[in-house]
Structures are given as C-alpha cells and as structure tokens.
Amino acid sequence: MSKINVSLQVLPRVPDERIYEVVDKVIAYIASTGVNYEVGPMETTMEGELDELLEIVKKAQEICTTEGATRVLSVVKIDYKPEGVTMDEKVGKYRK
C-alpha cells in the first residue's frame, strides 16, 4: 500500500493546566513510532501506511485516558489516493 497522510488533533478532557502535558505525551509517542510527522499549532500530520497510522490514532486515545482524561475528543483527517500522497508534495514549497 502507498503512503498516505493522517492528521490528528486530540482534545483530552483534563484540567486546563495539563492539556499541553498530555498532548506532548501523544506527540512523543508519535515520534517514537518512526513515522514521518509534522507538528502544527492545531494538529499533527503523519505520513505512512493507513493501518499503521490508524493504530497510532487508537493508541493516542489510550495515552490520554491513561494520563487521566475522562474523555477524549479527536479530529482525524485522512488524505488517501491509491498511488500515495506525501506531505512534501503538498507543503514542501512552503518550508524554509
């Protein structure tokens, strides 16, 4: 299967002062998986195989609840085409 993009925004229900701490743990997990990813101000975009990225999304929910979130609202976007799609082809020209 070709590489695709999945963007993930997690909004854990935790006290306000803990939101960044919990989100940072999700981002650290994403980094540990070895997939290509970029952190943005509102979401993190990953590049890889669909099944692998969906497993990361699932684990992100578990990380939030393990960290004490009583609920997790997540926004997931998937950009798929059979021949593949990369972050670089979409935003490479904007990188410094």
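Calculation rules
- Residue indices follow the written sequence of each chain, beginning from 1 at its first position.
- At least 70 in pLDDT is required for a residue's local features to be given in this predicted model, at least 80 for side-chain atom pairs to be given and counted, and no such filter applies to totals for whole chains, interfaces and linings, which use all residues.
- With hydrogens and water set aside, each side-chain value is computed from the structure's full complement of heavy atoms.
- Buriedness of a pocket was judged along seven lines, with at least five required to meet protein on both sides within 12 Å; pockets are open sets of points on a 1 Å grid over the protein atoms alone, cavities are sets where a 1.4 Å probe fits but cannot get out, and lining residues have an atom within 4 Å of a point.
- Grid points are joined across faces, edges and corners, and a volume is the space filled by probe spheres set on the points.
- Numbering of helices and strands runs from the N terminus; a helix is a DSSP stretch of H or I covering at least four residues, while a strand is a stretch of E covering at least two.
- The residue classification treats Ala, Val, Leu, Ile, Met, Phe, Trp, Tyr, Cys and Pro as nonpolar and Asp, Glu, Lys and Arg as charged. All others, Gly included, are polar.
- Pairing between strands requires that DSSP locate at least two bridges from one strand to the other.
- We call a set of buried residues a nonpolar core when its members are Ala, Val, Leu, Ile, Met, Phe, Trp, Tyr or Cys and they connect through side-chain atoms within 4.5 Å of each other.
- Each residue is assigned to one of three classes by its accessible area relative to the maximum for its type, calculated with a 1.4 Å probe on protein chains only: buried under 20%, partly exposed between the two thresholds, exposed over 50%.
- Here a residue-residue contact requires only that any non-hydrogen atoms of the pair lie within 4.5 Å.
- Only the contacting stretch of a helix is used when fitting its axis, a line to C-alpha atoms as for every element, and angles between N-to-C directions run 0 to 180 degrees.

## Quick notes on the layout of surface pockets
Reported here for the largest pocket is a volume of approximately 300 Å³. If you go around the largest pocket, you meet 18 residues; those closest to its centre are Val10, Val23, Pro41, Met42 and Glu43. Looking at the lining of the largest pocket, the elements with two or more residues in it are strand S1 (4-12) and helix H1 (19-33). The leading source of residues in the lining of the largest pocket is H1, at seven residues. Broken down by class, the residue content of the lining of the largest pocket amounts to 13 nonpolar, three polar and two charged. Here the second largest pocket is characterised by a volume of approximately 230 Å³. Around the second largest pocket, the lining is made up of 15 residues, and of these Ser7, Glu38, Glu43, Thr45 and Met87 lie nearest the centre. Listing elements by their share of the lining of the second largest pocket, those giving two or more residues are S1, strand S2 (36-39), strand S4 (72-79) and helix H3 (87-91). Counted by class, the lining of the second largest pocket contains six nonpolar, four polar and five charged residues.

## Comments concerning the pairing of S2
As defined by bridge partners, S2 adjoins strand S3 (residues 44-48) across four bridges and the pair is classed as antiparallel. Bridged to Tyr37 within S3 is Met46. Here S2 folds back onto S3 in antiparallel fashion, the turn holding four residues.

## Description of the nonpolar core
Judged by nonpolar contacts, the single largest core of 20 residues is most densely connected at Val10, Val26, Met46 and Leu53. Among the elements that make up this core, the one with the highest residue count is helix H2 (residues 50-66) (six residues). Ignoring any residue separated from it by four or fewer positions in sequence, one finds Met46 in contact with Ile4, Asn5, Val6, Leu8, Ile30, Val35, Asn36, Tyr37, Leu53, Ile56 and Val57.

## What about the sheet that holds S3?
Across the sheet, four strands lie side by side as S2-S3-S1-S4; this open sheet has antiparallel pairing. This sheet does not close on itself; its edge strands, each paired only once, are S2 and S4. When the angles between neighbouring strand axes are averaged without regard to direction, this sheet yields 20°. Pairing geometry for S1 and S4, over eight bridges, is antiparallel. Looking at S4, one finds that Leu8 is bridged to Val76. The strands touched by H1 within the sheet are S1, S2 and S3, with S1 carrying the most contacts at an inclination of about 155°. Together, S1, S3 and S4 form the strand contacts of H2, whose direction differs from that of S1 by roughly 10°.

All we've got here are geometric facts, nothing functional implied.
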